[in-house]
Amino acid sequence: MACSTSTYGVSDPPELHQHRLAVAAAFATQGLVFISLTTRLPDFSDKYDLSNGELSGLLLMMVLLAGAGSVLAETRAKKESSAGLLRLGLTGITVGAALIGASQSLPMFAAAMAVYGVSLGVVDATTNMQAVALEHRYGRPILPSFHSGWTFGGLVGAVIALA
């Protein structure tokens, strides 16, 4: 694909700029929350006296449920707006993360991780749906900028965890 100055040398079209910022913010939020939680895993392990195997089992559950959330988002996106599903998923990861932090028992912690896992899958799928749709509207590659937004969010989450 040849690069032309008219395609690559212009700023974001005004009508798409807000959409691009919103999708980038969704990627950054996903990275921030994910890294913030994973850096706290040793704290959760200590709080609930989990063995490495038990913690790995909970993480496996969360990852499998994230996969289910991605499939759910794909199925629902055929009938609903992926933007609406993204908002629902972002609400879910917020609620899930808050419940993980507030949990006082292992069953509540596991249930909160399940909510977070499903929501994480919904967010992962729908942020990518939104990014690809926006890239098509731009007519040029912009996906890497969104993935760098996830990384930026993760860096912010790591800094917050260190503080």
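A few points on the structure. (Residues numbered from 1 in each chain as written. Predicted model: local features only at pLDDT ≥ 70, side-chain atom pairs only at ≥ 80, totals over all residues. Heavy atoms only, no water.)

**A short note on the nonpolar core**
Thought 1: Ile100, Phe109 and Tyr116 are the most contacted members of the largest nonpolar core, which totals 21 residues.
Thought 2: Those elements that place two or more of their residues in this core are α2 (14–38), α3 (41–47), α4 (52–77), α5 (82–102) and α6 (106–138).
Thought 3: Apart from the residues within four sequence positions on either side, Phe109 is in contact with Phe44, Tyr48, Leu50, Leu58, Ile100 and Ser103.
Thought 4: The next biggest cluster of nonpolar side chains, apart from the first, holds nine residues, and it includes Phe27, Leu134, Tyr138 and Leu143. (Core = buried A, V, L, I, M, F, W, Y, C linked by side-chain atoms within 4.5 Å. Buried < 20%, exposed > 50% of the residue type's maximum accessible area, 1.4 Å probe, protein only. Helix = DSSP H or I, 4+ residues; strand = E, 2+ residues; numbered from the N terminus. Contact = heavy atoms within 4.5 Å.)

**Re the packing of α4 against α6**
Each pair of packed helices can be described by the angle between their axes along with the distance between the axes.
Thought 1: The contact between α4 and α6 brings their axes to 7 Å, and the two run at 40°. Comparing their axes, α6 and α4 come out oblique. Considering the relative orientation of α4 and α6, their crossing is right-handed.
Thought 2: Class assignment of the residues belonging to the contact of α4 with α6 gives a composition of 19 nonpolar, five polar and two charged. (Axes fitted to C-alpha atoms, helices over the stretch in contact; angles between N-to-C directions. Parallel < 35°, antiparallel > 145°, perpendicular 65-115°, else oblique. Left-handed = near helix turned anticlockwise from the far one by under 90°. Nonpolar A, V, L, I, M, F, W, Y, C, P; charged D, E, K, R; others polar.)

**Regarding a nonpolar patch on the surface**
Thought 1: A contiguous nonpolar surface patch, about 270 Å² in accessible area, is contributed by Val95, Leu99, Met108 and Val115.
Thought 2: Looking at the nonpolar patch, the elements with two or more residues in it are α5 and α6.
Thought 3: Residue placement: Val95 occurs in helix α5. (Patch = residues over 30% accessible without salt bridge, like charges linked within 9 Å, V, L, I, M, F, W, Y side chains within 5 Å. Areas by Shrake-Rupley, 256 points an atom, 1.4 Å probe, with all protein chains shown as cover. Salt bridge = Lys/Arg side-chain N within 4 Å of Asp/Glu carboxyl O.)

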